[in-house]
Amino acid sequence: GFGPVSRASLLGIPLPLCSCSVIPVAVELRRQGAGRGATAAFMVSTPETGVDSISSSVAVLHPLLVIFRPLAAMATAVATGLAIERFAPADPETGSSAVDCCDHDASDQVDGQSRGLLGGLRYAFDDLLGEIAPYLVPALLITAALGVFLEPSALSEFGVTPWLQRLVVLLAGIPVYVCATSATPVAAAMILAGISPGAALVFLLAGPATNLVTISAVRQNLGGKAAMWYILVVATLSYAFGTLLDYIWTTPDFRASPAAQLHGHQDLSVVHWAASVFLGALMLWHIGRKLRRRMTQAR
């Protein structure tokens, strides 16, 4: 119903969780009895905004965008949850509240998590990462390719109209992995490069809420039809709110404020590189293990 779905949406807005870290939290909410619509709403609103992304938005975005972003996230999350409850009934294999996103049984994971720090590390680096690695790697590769070959200024230089800019950003943002905080300076750079603020809002909404990892988690926990409605509602409302923002953005006063921090995170330290190498090697190891398991089963 509207009450639980709206409360789940409101709960997710301030939480500083990214698109991947929201998955185990949402799965646990589902296991504890949260409805399908409330779970989906939480998965939409939580990665789209948070206290960290809101604070960074204040630094680099116009106040209109700062206000528009959480309101649009709330409305999109509520609409997604209600649509899934209404049009995507539970599949037989995903109807239980104890559905889990990993290959192991829920009872095994609960037992593993109850062993304190070691159980938490096992769940994070073995169970959870092993499940999302096949989807996270393609998402990161697509994100990197778009960052290299698609410059934001290219759309405005070729005279692409705002409605087409919003569509291009939407199609590019659906499969890629980006968190709300890292998306904020990218959106500011888009506006400074000449892209419409509505297209930047589409990126801020659709980018964090939809990617290959999240879509897979929704499909496994709520069903294939729910995943379809998840993508459809998020994409439609992201584009609609972007259109509304471009309509409101009618005077020259509405411009993103430049900030010195826009490119402050490009200098990576040795710790960043070491963590990236470790995470990459671990994901490739999980993918290789899954491939060996499937080849063994095929024999």
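Enquirer: An account of the confidence of the model for the protein is needed here, citing residue identities and associated values.
Expert: Looking at the protein, pLDDT values average 78 and 79% of them are 70 or higher. Note that pLDDT drops below 50 for residues 94-114; the model gives that stretch 46 contacts with residues more than four away or on any other chain. The low-confidence segment residues 256-265 (pLDDT under 50) makes 15 contacts with residues lying over four places distant or belonging to another chain.

Enquirer: Help me get a handle on the pattern of salt bridges, residues and values and all.
Expert: Scanning the model with the defined rule gives 3 salt bridges in all. Across the pair Asp 126 and Arg 289 runs a salt bridge whose closest N-O atoms are separated by 3.0 Å. Linking Asp 126 in helix α7 (residues 117-149) with Arg 289 in helix α14 (residues 270-298), this pair joins segments that are 163 residues apart in sequence. Given the relative accessible area of 18%, Asp 126 is considered buried. Accessibility expressed as a relative area gives 23% for Arg 289, which makes it partly exposed. Across the pair Arg 166 and Asp 246 runs a salt bridge whose closest N-O atoms are separated by 2.6 Å.

Enquirer: If you had to explain the packing of aromatic side chains to someone new, which residues and values would you point to?
Expert: Under the defined criterion, the tally for this structure stands at 3 aromatic pairs. Between Phe 87 and Trp 229, the ring centres sit 4.7 Å apart and the planes meet at 15°, which makes this aromatic pair stacked. Remark: Trp 229 occurs in helix α13 (residues 224-248) and Phe 87 occurs in helix α5 (residues 63-87); sequence separation between them is 142 residues. For the ring pair Phe 125 and Phe 278, a centre distance of 6.0 Å and an interplane angle of 65° mean the geometry is edge-to-face. With Phe 125 in helix α7 and Phe 278 in helix α14, the pair connects residues that are 153 residues apart, well separated along the chain. Judged by relative accessible area, which is 37%, Phe 125 ranks as partly exposed. Note that Arg 166 overlies the ring of Tyr 239, its terminal NZ or CZ placed 5.0 Å from the centroid.

Calculation rules
- Numbering of residues begins from 1 in every chain and follows the order in which that chain's sequence is written.
- Whole-chain, interface and lining totals are the exception, using all residues; otherwise, since this is a predicted model, local features are given only for residues with pLDDT of at least 70 and side-chain atom pairs are given and counted only at 80 or more.
- Each side-chain value is derived from all of the structure's non-hydrogen atoms; neither hydrogens nor water enter the calculation.
- Known as pLDDT, the predictor's per-residue confidence is scaled from 0 to 100.
- Whether two residues are in contact is decided by their heavy atoms: any pair within 4.5 Å suffices.
- What counts as a salt bridge is simple: a side-chain nitrogen of Lys or Arg found within 4 Å of a carboxyl oxygen of Asp or Glu.
- Counting from the N terminus, the helices are DSSP H or I runs at least four residues long and the strands are E runs at least two residues long.
- Relative accessible area decides the class of each residue, using a 1.4 Å probe on protein chains only: under 20% of the type maximum gives buried, over 50% gives exposed, and in between gives partly exposed.
- For this analysis, a ring pair means two rings from Phe, Tyr or Trp (six-membered ring only for Trp) whose centres lie within 6.5 Å, classed as stacked if their planes differ by under 30 degrees, edge-to-face if by over 60, and tilted for the remaining angles.
- Charge-over-ring contacts are defined here by two conditions on Lys NZ or Arg CZ: a distance within 6 Å of the ring centre and an angle within 35 degrees of the ring normal.

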